[in-house]
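# Notes for the structure review
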Amino acid sequence: MGVFQRSFLQNLHKDANVKDVYISVTQGEMEFDQSYPRHGIYMISNHDVNKKIMVNQLSEIFRISRHNLIYNSYTYNFNALNSTLAMKDFQLPFEEVLFGQDVSENLCVDTIENIKQYLGCNGKQGLSSLIEPNNFFRSKYISVQAQFSYKNGIAKQKIIITVRFPTQKISEILDIDPNTLIKSCPDLNEEQITSGIRKFDLKVAQNMRLGQIAKRADDFEQPLPKPILKESKSSVGPWYAFDSQIHQQIQVFENGYLYVMLQFPHEFIPIYHTLKTGHLKSKIIFEGDAKKIYIEGNVQKDEKILIQIEFRKRLKAFEEYPHDPERGQDIISTPIIFVTDSNRYLFFTDSQVTRQPYPDFSMPFNILTFSCLALGYYFLQILGMAVDKYEPNKPEKGSLAQRILRSIFQYL
């Protein structure tokens, strides 16, 4: 449990109307479990929030860029279904939520260093004192997740740092002296180290040596969790073509009810009559420039669902292109909600980078040719007048333009 200033959470609620917000900054991919956050930044909040103020305030803590999170976002509603992120039990307490993503952002060492001061005792006591950013970045996967909520004058916050190393031995992961004594931080409500089914509660013990934990935890091999759902998304067709197609494939490993949403930004125009969803039913919603397609239905264990739709790329105005137009346009992640008899899970699809046809941003060839010709002609006339021997009363030769230029330069 983090210890953010109460004033920060109050201002986040007062200025930006934040009732509940989740943010994750992640680097790497958790390949065996797609319920964990993907690479980049995810942000989920109540739909009526002031996006600009919220993102600006959160960027001061998480060292994130602002433009993509503000403009690459949308709202969605799954019939008032309050779902749970399978990764860390994050509840969505609203019927309609705002989702934003920036897939180009990376988690940096400064973000970890900056967040440490909010983890109780300024990060110098308790389990937060074990957080070494440079050591963490030896991992295959690292994700910082935070949740802030404000209701009835009560501010709550929660921070979780998820790290996956190639080894499961705590002594190798932490890489510190096993005789180091760790004391509990009085600012925190809970401090635990979990290894497989074993849990070490620092709050109960008040203090413990790292060697005591490592000796009992290093021999325990944690089995990889069985996946509940797998998904993949790809764009079909050459990048330079105006017509393309989205292929979204989902495989479930339990019986349940599946909700999927496809969302197209205004740069892409879906061709609705080409939509194929198998036996699932679909619903199309228009909200301003955004086009949303809701797909839902019952699915059986080990069933594979293939969703396909063609779309057309729009040639944007010159001013709308980013500084790096060759990178392409992001079709950001969309939610997948899978409801089983025992739980509700929230996943997100892969984001998709689709390159758009774009004009030649260099100056057109004919303009360059005409400009160079005019400049060359002017220079040659000046050069000719500079090297010609002057003779009084010499009859004028050449074109009208040459005679005018000679007359001008005679008086200079």
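Anything mentioned here points back to the structure above.
Rules and cut-offs
Residues numbered from 1 in each chain as written. Predicted model: local features only at pLDDT ≥ 70, side-chain atom pairs only at ≥ 80, totals over all residues. Heavy atoms only, no water. Phe/Tyr/Trp six-rings, centres within 6.5 Å; stacked < 30°, edge-to-face > 60°. Buried < 20%, exposed > 50% of the residue type's maximum accessible area, 1.4 Å probe, protein only. Pairing = 2+ DSSP bridges. Helix = DSSP H or I, 4+ residues; strand = E, 2+ residues; numbered from the N terminus. Axes fitted to C-alpha atoms, helices over the stretch in contact; angles between N-to-C directions. Salt bridge = Lys/Arg side-chain N within 4 Å of Asp/Glu carboxyl O. Expected span 1.5 Å × (residues − 1). Polar contact = N/O pair within 3.5 Å; in protein donor to acceptor, adjacent residues only side chain to side chain.

Inspection of the entire model under this criterion finds 10 aromatic pairs. Between Y345 and F347, the aromatic rings sit 6.3 Å apart at their centres with planes inclined by 35 degrees, giving tilted as the arrangement. Across the pair, exposure class does not vary: Y345 and F347 are buried alike. A connected cluster of aromatic rings, assembled from ring pairs, spans Y42, Y74, Y76, F99 and F348.

Turning our eyes to something else, we now look at the sheet that holds strand 8 (residues 154-164). Within a sheet, adjacent strands bond to each other through the backbone by hydrogen bonds, running parallel or antiparallel. Here six strands make up an open sheet; going across it, the order is 3-6-2-1-7-8 and the pairing antiparallel. The open sheet is flanked by strand 3 (73-77) and strand 8, the only strands paired with a single partner. Mean inter-strand twist for the sheet, computed between neighbouring axes without regard to direction, equals 15 degrees. For strand 7 (residues 141-151) and strand 8, the ladder comprises 11 bridges, and the chain directions are antiparallel. Of the residues in strand 8, the one forming a bridge with Y150 is A155.

All right, on to the pattern of salt bridges then. A pair can form between side chains of opposite charge whenever their charged atoms are brought close. Going through the model one piece at a time under the given rule, you end up with four salt bridges. Of the charged contacts, one joins R38 and E231 as a salt bridge, the two residues approaching to 3.1 Å between their closest N and O atoms. Here R38 is found in the loop between strand 1 (20-27) and strand 2 (40-46), whereas its partner E231 is found in strand 13 (residues 229-236), with 193 residues between them in sequence. On the basis of relative accessible area, R38 is assigned to the buried category, the value being 8%. Residue D350 is joined to R38 by a salt bridge in which the shortest nitrogen-to-oxygen separation is 2.1 Å. Here D350 is found in the loop between strand 22 (344-348) and strand 23 (352-354), whereas its partner R38 is found in the loop between strand 1 and strand 2, with 312 residues between them in sequence. Bridged by salt links that share partners, the residues R38, E231 and D350 form one connected network.

This next bit is on helix 2 (residues 51-62). Relative to the 16 Å expected for 12 residues at 1.5 Å per residue, helix 2 spans 16 Å between its end C-alpha atoms, a close match to the ideal helical length. Buried within helix 2 we find M54, V55, Q57, L58, S59, I61 and F62. The N-cap of helix 2, judged by a side-chain oxygen 3.3 Å from the amide nitrogen of K52 a few residues on, is N50. Phi for R63, located one or two positions after helix 2, is positive at around 55 degrees.

Let us look at the pairing of strand 1. In terms of burial, strand 1 is a largely internal element, seven of the eight residues being buried. Across six bridges, the pairing between strand 1 and strand 2 is antiparallel. Counterpart to S24 in the pairing with strand 2 is Y42.

Counting buried residues in strand 18 (residues 290-299) gives nine out of 10 residues, a clear majority hidden from the surface. Sheet topology note: the strand 15 (residues 256-264)/strand 18 ladder contains nine bridges and is antiparallel. Counterpart to Y259 in the pairing with strand 18 is E296.

Turning next to the sheet that holds strand 14 (residues 243-252). Ordered in space as 13-14-19-16, the four strands form an open sheet in which the pairing is antiparallel. Taken across any chain shown, the strands that pair with only one partner, and hence form the sheet edges, are strand 13 and strand 16 (268-276). Each neighbouring strand pair of the sheet contributes to a mean axis angle of 25 degrees, computed without reference to strand direction. Sheet analysis places strand 13 next to strand 14, joined by eight bridges and oriented antiparallel. Bridge pairing links S232 to Q249 in strand 14.

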